[in-house]
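# Structural overview for review
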Amino acid sequence: TFPAIRSMSTGGRREVRPVRSECRLAPVREYNGEEVKAIRKTANMTQTTLAEFLGVSKKAVEAWESGRNMPSGPACRLLSMIAIDPTLPERLQPAE
C-alpha cells in the first residue's frame, strides 16, 4: 500500500492526516523475444536506447530479442509500461 496525505480543516486550523490507499498493479508478465522487439519498435527505439532506458546492456536486449535469454523483474515491468504507452521513454527524458 502507498499512504496518501489528506489535508483537513478542523475548527479553523488545518491538519494533515495520513490516509490509507492502495495502488494495485497487474502481475508482472514475461515477454518473449518477438514481443520485446515489437515493443521496442513501437516505441521507435534502437536496442541501445532501450537498453539505456531499462538500465541493462545492449547485449542483454540482443539476447532477449534473439530468444537466448528473457527479461525479468523490473525490466518486464518497464516493458509493460512501454507497451501501454510507447511515448513513455521519450516523455521521461530529461529536458535539454
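Conventions used here
- Residues numbered from 1 in each chain as written.
- Predicted model: local features only at pLDDT ≥ 70, side-chain atom pairs only at ≥ 80, totals over all residues.
- Heavy atoms only, no water.
- Helix = DSSP H or I, 4+ residues; strand = E, 2+ residues; numbered from the N terminus.
- Buried < 20%, exposed > 50% of the residue type's maximum accessible area, 1.4 Å probe, protein only.
- Contact = heavy atoms within 4.5 Å.
- Areas by Shrake-Rupley, 256 points an atom, 1.4 Å probe, with all protein chains shown as cover.
- Axes fitted to C-alpha atoms, helices over the stretch in contact; angles between N-to-C directions.
- Parallel < 35°, antiparallel > 145°, perpendicular 65-115°, else oblique.
- Left-handed = near helix turned anticlockwise from the far one by under 90°.
- Nonpolar A, V, L, I, M, F, W, Y, C, P; charged D, E, K, R; others polar.
- Polar contact = N/O pair within 3.5 Å; in protein donor to acceptor, adjacent residues only side chain to side chain.
- Arc of directions from axis to C-beta.
- pLDDT = per-residue confidence, 0-100.
- Salt bridge = Lys/Arg side-chain N within 4 Å of Asp/Glu carboxyl O.

Quick look at the overall build of the protein now. If you tally the helices and strands in the protein, you get 5 helices and 2 strands. Looking at the 96 residues of the protein, the share that counts as buried comes to 27%. Taking contacts inside the protein between residues at least 6 apart in sequence as the whole, the part at least 24 apart equals 42%. In the structure as shown, the protein presents an accessible area of about 7100 Å², 53% of it carried by carbon and sulfur atoms.

Let us look at the environment of Pro27. Here Pro27 shows up in the loop between β2 (13-21) and α1 (33-42). On the basis of relative accessible area, Pro27 is assigned to the exposed category, the value being 72%. A C-alpha to C-alpha distance of 8.8 Å links Pro27 and Arg77, two positions 50 residues apart in sequence.

Moving on, we come to the packing of helix α2 (residues 47-54) against helix α3 (residues 58-66). Interhelical geometry of α2 versus α3 gives an angle of 110° and a closest axis separation of 8 Å. It follows that α2 is roughly perpendicular to α3 by the angle criterion. Pair α2 / α3 crosses with right-handed handedness. On α3, the residues that touch Gln47, Thr48, Leu50, Ala51 and Leu54 of α2 are Lys58, Val61, Glu62, Trp64 and Glu65. Considering only residue class, the contact of α2 with α3 consists of 5 nonpolar, 2 polar and 3 charged.

Tracing the backbone through its elements, the reader meets Arg40 in helix α1. A polar contact is formed between the side chain of Arg40 and the side chain of Glu65, at a distance of 2.6 Å. Leave out the neighbours within four places in its chain, and Arg40 touches Met45, Thr46, Gln47, Leu50 and Glu65.

Within α1, the full set of buried residues consists of Gly33, Val36, Ile39 and Arg40. Down the axis of α1, the smallest arc covering the buried residues is 130°, so these residues share one side. With respect to the buried face of α1, the exposed residues turned more than 90 degrees away are Glu34, Lys41 and Thr42. At its buried positions, α1 is contacted by α2, α3 and α4 (73-84). Where α1 begins, one side-chain oxygen reaches toward the backbone nitrogen of Glu34, 3.0 Å away; that side chain belongs to Asn32. Asn44 sits one or two residues past α1 and shows a positive phi near 60°.

Keep in mind that low pLDDT regions are not for reading the predicted coordinates in detail. On average, the protein scores 85 in pLDDT, and the residues at 70 or more come to 78%. Low confidence marks residues 1-5, where pLDDT is under 50. Its contacts with residues over four positions away, or in another chain, come to 13 contacts.

The subject of this paragraph is the pattern of salt bridges. Using the criterion set out here, one finds 4 salt bridges in the structure. For the salt bridge of Arg91 with Asp85, the shortest nitrogen-to-oxygen distance reads 2.4 Å. Classification of Arg91 as exposed rests on a relative accessible area of 53%. By relative accessible area, Asp85 is classed as partly exposed at 24%.

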